[in-house]
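Structural description and commentary
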Amino acid sequence: MAANHHEHDHHRHDEPESDAAIRVKALESILTSKGLMDTAALDMLVDTYENRVGPRNGARVVARAWVDFAFKKRLLSDATAAVNELGFPPGPEGFNLIVLENTSKVHNLVVCTLCSCYPWSVLGLPPVWYKSPAYRARAVSDPRGVMREFGAEIDDDVEIRVWDSSAEVRYLVLPERPAGSEALSEEELAELVTRDAMIGVAKVNPPQGTAKSRKRRSRVASRV
Amino acid sequence: MAANHHEHDHHRHDEPESDAAIRVKALESILTSKGLMDTAALDMLVDTYENRVGPRNGARVVARAWVDFAFKKRLLSDATAAVNELGFPPGPEGFNLIVLENTSKVHNLVVCTLCSCYPWSVLGLPPVWYKSPAYRARAVSDPRGVMREFGAEIDDDVEIRVWDSSAEVRYLVLPERPAGSEALSEEELAELVTRDAMIGVAKVNPPQGTAKSRKRRSRVASRV
Amino acid sequence: MNGIHDLGGMHGLGPIPREENEPVFHADWERRMYALGRQLLSARIFSLDEFRHAIERIPPSMYLGLRYYEKWVIAATGLLIEKGIIKPAELKGLAPIKLNPTFTVGGRPNEPISALGHGAAGIRPRFKPGGKVIAKNVNPAGHTRLPRYARGKRGVIVLDEGVFALPDAVAHGGGVIAQHVYAVRFAARELWGGEASPRESVTIDLWEAYLEPAKGLRVNGRSRNGSGRS
Amino acid sequence: MNGIHDLGGMHGLGPIPREENEPVFHADWERRMYALGRQLLSARIFSLDEFRHAIERIPPSMYLGLRYYEKWVIAATGLLIEKGIIKPAELKGLAPIKLNPTFTVGGRPNEPISALGHGAAGIRPRFKPGGKVIAKNVNPAGHTRLPRYARGKRGVIVLDEGVFALPDAVAHGGGVIAQHVYAVRFAARELWGGEASPRESVTIDLWEAYLEPAKGLRVNGRSRNGSGRS
């Protein structure tokens, strides 16, 4: 994925003490002195979202759905419960999860135009681009253009369904299983699945080293 | 009129050399060196809009319309020509002028939501508030609230017509002639007419010193 | 609120800013602010709807230039001051940042922050999947989750998501107005006009209060009733 | 262009900034910039529509915080660079400010800048005063003078203003597409919904290309055809 920084989004993590950093410190100290902060709880929360919950959770859900048809069926009818089977509770926010299946005819893509609603429990915290005004503005009116920017070309005859996540439900995209992945294990499949594919701005690429065999296969398919 | 500065609009005329000032100087010098600037023409233009064309032009038009019914008729049917009679050509921009008459039943108010279109030839250059995002945003959706901010209360049963000046026509509001102004000369009447009243965010106030007699008169009128 | 946050369909915001191997947080203060915000929500010092609305009330001339967690800092601080939980004087040394005014909110929210869930029995849905609706043309000054680009537009219910509290009320201390939320599908051509692709749609989660029944409508070139969600 | 400049109906922009005894210019550079801009327009270095569109292409995160003539500086400089009239190198020492991209425009405009006037004989109007119309739902990426808040809304023609060049074409080097412009009146309730006053309306100057015929409509509580403009 090409890094494509926008002028206003340069990261400033090496700045010594930004205005925001000073403000957060002040806020934390005032609230602690009022007994409104639970430092241990804060540390656990940070640890959860920094180290334990992230796109690997979602990738495991996707891989399981690719290899286990009964699970996939449960996932599409009640994702909150199905994901819980894998040990991923819906998270403290208590939102319901809905899984959207991509097929050769329908491609789903998720955005939140009003803020940055995102399925934390299966993808962790959203990347900067998902929260950017540029993505929020364009995903609903120009999804094909947005996907092109991410390097994904969607055929004109494929229907694109954009989901503007504006309420208490959260969406996870179940990408298409790539060609050439037939021999892979569930764990190997999970390795292929990217965060961007589970938001819907990209597809899952075929496993490396099999591009040739895949090409051959598709050439055959096109003659059928 | 109460000064009501917004935080972001403090004027910085005493700053020594702003970024904008440096940029204008650079631009002017580059364009002059290319022979694209006519300094004499520029000076004349500035003099025209700084010293000669301004709301006093519009005020003279309004006062004439109040005292001369035939002129008012011409003004409402072809304002560009009527205003030319008073020696105010439509200006280099070549726009057509339309005059909107306020009555006891209909109040007109002018805005340009997309930029800051304004009847330069009769009002000069617009004030900062007319060009402000706040005015451009709210005049079309909350004209009564806007007028309240300017200290003008419009009765609920009066129809408000907002004009969003988005093309090549320019609008001038012909305010209602205030009570108590019957004895005034055309010149004295022109003195009463404010820029804000000709945009439509305010009314023309009665001449000072006659408020008492006006009150008495309206008390009589309300019994009729 | 027709605010700067309501970005759907806007042009001119530049390319989408992407970063390879992006960390979860870009600075320690972001990490702390995230935890702080979550803690304030869990402790019900303020509700999620109040917090979202506070972000919407950041002055528009600042909003687009701020990083995500900078918005959290400004919104949380403003809200804590408005609720009287911290005093502006306690932040001395820091330049004040005022949120835009809104309807009065005082004290802690007494509504549950999380969803009411599907269990909210007795609340009957007004619409069914396949039903044709129009998103209302409303322009409230307060918080709403009905984006401007959908207002006045015709769509089809594709899913009943269950019963939830209306954010328009919760954000202003108005208590729980429990009602069904629907996924409503709008054809891209309905939203953006005839130049849009006939094979694109946007599905938006909308509270029942945002909708009214409609008739006689095609959602896109293919399907006339858009039932199902896959 | 659904840009930041299209402000009609927005909330949260604060009180209207008023100044007592306001001078025509607040600084000498404003005076010079005004004259420069006017001169560039008169000399047809660029057209008014190109200039307006350049202002619309100022990055949205800057737009709301800029003073009026700061927008002129940025837009004029950007446009002169795009047209190849000045080179970025000639501005060395000054930080570059890039306008958002748009459709290619090269060289000087070959269209008359000013209006074509009422004299454009032979161009017949499609609509007449009293006629009912709908403002089209279009969302072009380029310049347009049809504001978002009016799109898809029903109104009544109150006045034929004569024939003018379509800005959507002129702003992009598209030449003169001459057509009638109408003052079209929209009831506030049509624009803003049922909570709006029945005794308010907004009249917008709209090019014929922005309009299509409509039927069966009330403009406000009082009048059904809104003819006349006073």
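Residues numbered from 1 in each chain as written. Chains lettered and ligands numbered in written order. Predicted model: local features only at pLDDT ≥ 70, side-chain atom pairs only at ≥ 80, totals over all residues. Heavy atoms only, no water.

Helix and strand counts for chain C stand at six helices and five strands. Helices and strands in chain C line up, N terminus first, as α-α-α-α-β-β-α-β-α-β-β. Counting over 230 residues, chain C shows a buried share of 61%. For chain C, the share of sequence-separated contacts (at least 6 apart) that also reach a separation of at least 24 residues comes to 70%. Counting only carbon and sulfur atoms, one obtains 52% of the accessible surface of chain C, whose full area is about 8500 Å². (Helix = DSSP H or I, 4+ residues; strand = E, 2+ residues; numbered from the N terminus. Buried < 20%, exposed > 50% of the residue type's maximum accessible area, 1.4 Å probe, protein only. Contact = heavy atoms within 4.5 Å. Areas by Shrake-Rupley, 256 points an atom, 1.4 Å probe, with all protein chains shown as cover.)

Our next topic: the interface of chain A and chain C. With 87 residues of chain A at the interface, the matching set in chain C holds 77 residues. The junction of chain A with chain C conceals about 7900 Å² of combined surface from both sides, 57% of it contributed by carbon and sulfur atoms. For the pair chain A and chain C, the number of links is five salt bridges. A salt bridge links Glu90 of chain C to Lys34 of chain A; its shortest N-O distance comes to 3.0 Å. Here chain A and chain C share 26 residue pairs in polar contact (both at pLDDT 80 or more) between them. Looking at the side of chain A that touches chain C element by element, the count peaks at 10 residues for helix 1 (residues 19-33) of chain A. Looking at the side of chain A that touches chain C, its residues break down into 49 nonpolar, 15 polar and 23 charged. Here five bridges tie strand 3 (residues 159-164) of chain A to strand 4 (residues 200-207) of chain C, and the two strands are oriented parallel to one another. Residue pairing across strands places Arg161 of chain A opposite Ser201 of chain C, the latter belonging to strand 4 of chain C. (Buried area = accessible area lost by both parts, 1.4 Å probe. Salt bridge = Lys/Arg side-chain N within 4 Å of Asp/Glu carboxyl O. Polar contact = N/O pair within 3.5 Å; in protein donor to acceptor, adjacent residues only side chain to side chain. Nonpolar A, V, L, I, M, F, W, Y, C, P; charged D, E, K, R; others polar. Pairing = 2+ DSSP bridges.)

Between side chains of opposite charge, a pair can form when the charged atoms approach closely. Going through the model one piece at a time under the given rule, you end up with 42 salt bridges over all chains. Where Glu85 of chain B meets Arg74 of chain B, a salt bridge forms, and the shortest distance between an N and an O atom there is 2.7 Å. With Glu85 of chain B in helix 5 (residues 79-85) and Arg74 of chain B in helix 4 (residues 69-77), this pair connects stretches of sequence that are 11 residues apart. One salt bridge connects Arg57 of chain C with Glu82 of chain C, and the closest N-O pair in it is separated by 2.8 Å. Here Arg57 of chain C is found in the loop between helix 2 (48-56) and helix 3 (60-63), whereas its partner Glu82 of chain C is found in helix 4 (residues 68-82), with 25 residues between them in sequence. Judged by its relative accessible area of 2%, Arg57 of chain C is buried.

As a further point, take the environment of Arg199 of chain D. Secondary-structure assignment places Arg199 of chain D in the loop between helix 6 (188-192) and strand 4 (200-207). Residues Arg199 of chain D and His143 of chain D lie 56 residues apart in sequence; the distance between their C-alpha atoms is 32 Å.

Read from one edge to the other, the open sheet built from seven strands follows the order 2(B)-3(B)-4(D)-3(D)-2(D)-1(D)-5(D), with strand pairing classed as mixed. Two strands close off the open sheet at either side, each with one partner strand: strand 2 (106-111) of chain B together with strand 5 (211-213) of chain D. Here the strands of the sheet are splayed against their neighbours by 35° on average, with no regard to which way each runs. Where strand 1 (residues 132-135) of chain D meets strand 5 of chain D, three bridges bridge the pair, whose relative direction is antiparallel. (Axes fitted to C-alpha atoms, helices over the stretch in contact; angles between N-to-C directions.)

Let's shift gears to the domain arrangement of chain C. All names here are of chain C. Here chain C is partitioned into domain 1 (1-100) and domain 2 (132-229). On a C-alpha basis, the centres of domain 1 and domain 2 stand 26 Å from each other. Every contact between the two is made by 11 residues of domain 1 and, on the other side, 16 residues of domain 2. Taking both partners together, domain 1 and domain 2 bury about 1100 Å²; carbon and sulfur atoms supply 46% of that area. Interface area lost by domain 1 to domain 2 is led by Met1, Asn2 and Asp49, which between them contribute 44%. Applying the counting criterion to the domain 1 and domain 2 interface returns six residue pairs in polar contact (both at pLDDT 80 or more). (Domains from an automatic or database assignment.)

Looking now at the sheet that holds strand 2 (residues 154-165) of chain C. Taken together, seven strands build an open sheet; the order of strands is 2(A)-3(A)-4(C)-3(C)-2(C)-1(C)-5(C) and the sheet is mixed. In this open sheet, the two edge strands, each paired with only one partner strand, are strand 2 (106-111) of chain A together with strand 5 (211-213) of chain C. Strand after strand, the sheet turns through a mean of 35° between neighbouring axes, direction not considered.

This brings us to empty space enclosed by the protein. Rolled over the atoms, a probe as big as a water molecule pinpoints where empty space is left. The full count for this structure, using the stated rule, is six cavities of 30 Å³ or more. Residue lining of the largest cavity: 27 residues in total, with Gly8, Arg148 and Tyr149 of chain C together with Arg148 and Tyr149 of chain D positioned closest to the centre. A breakdown of the residues in the lining of the largest cavity according to their chemical character gives 12 nonpolar, seven polar and eight charged. (1 Å grid on protein atoms, 1.4 Å probe; cavity = no way out; pocket = protein on both sides within 12 Å on 5 of 7 lines; lining within 4 Å. Points joined across faces, edges and corners; volume = space filled by probe spheres on them.)

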